[in-house]
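An overview of the molecular structure
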Amino acid sequence: MRQQSSDGDDLTATFYCTDPESQGGVECETFYETDRGSWIVQLKKRGPKVQDQLVALADDETFGEMSGRTMDVFVRKYVRERYGIDLGVAPN
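Residues numbered from 1 in each chain as written. Predicted model: local features only at pLDDT ≥ 70, side-chain atom pairs only at ≥ 80, totals over all residues. Heavy atoms only, no water.

**Focus on the pattern of salt bridges**
Counting across every chain of the model gives five salt bridges. Measuring nitrogen to oxygen at the nearest pair gives 2.6 Å for the salt bridge that ties R69 to D19. Separated by 50 residues along the polypeptide, R69 in helix α2 (residues 68–83) and D19 in the loop between β2 (12–18) and β3 (30–34) bring together distant segments of the chain. Since its relative accessible area comes to 36%, R69 is described here as partly exposed. Classification of D19 by relative accessible area gives buried; the value is 4%. One salt bridge in this structure joins R76 and D72, with 2.9 Å as the shortest N-O distance. With R76 and D72 both in helix α2, this residue pair falls four residues apart, about one helical turn. Judged by relative accessible area, D72 falls into the partly exposed class, the value being 35%. (Salt bridge = Lys/Arg side-chain N within 4 Å of Asp/Glu carboxyl O. Helix = DSSP H or I, 4+ residues; strand = E, 2+ residues; numbered from the N terminus. Buried < 20%, exposed > 50% of the residue type's maximum accessible area, 1.4 Å probe, protein only.)

Next comes the structure, spelled out in structure tokens:
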């Protein structure tokens, strides 16, 4: 699934993987790969108490919280696809 930008960001995001326990798009942590060799992460917002703990968050940067489940799926899939090393079963 590709989503084209309409606001001048000049990148294309392609679905990569999501939280294996997500319920049909509700609270769905998701990684997208871009055609610029970067990643976009869709995740849950957190508030100012968390933001205050971050170091040097620029005005054009944001943050969110991602579960260990989603990160595990991302790492396993990334290592398998990029390096041909299977770290074990990773749900899609």
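**Focus: α2**
Here α2 spans 22 Å end to end across 16 residues, near enough to the 22 Å set by a 1.5 Å rise per residue. Every buried residue of α2 is accounted for by T70, V73, F74, K77 and V79. Check the buried side of α2 and you find it contacts β2, β3 and β4 (39–42). Phi for G84, located one or two positions after α2, is positive at around 70°. (Expected span 1.5 Å × (residues − 1). Contact = heavy atoms within 4.5 Å.)

**Comments concerning the nonpolar core**
Counting residues in hydrophobic clusters, the biggest one holds five residues: Y16, C17, F31, V73 and F74. Elements with a contribution of two residues or more to this core: β2 and α2. (Core = buried A, V, L, I, M, F, W, Y, C linked by side-chain atoms within 4.5 Å.)

**Brief notes about the side chain of S67**
Assignment of secondary structure puts S67 in the loop between α1 (48–51) and α2. Residue classification places S67 among the buried residues on the basis of a relative accessible area of 15%. There is a polar contact of 3.2 Å between the side chain of S67 and the side chain of T70. Apart from the residues lying within four places of it in its own chain, the contact partners of S67 are D19 and E29. (Polar contact = N/O pair within 3.5 Å; in protein donor to acceptor, adjacent residues only side chain to side chain.)

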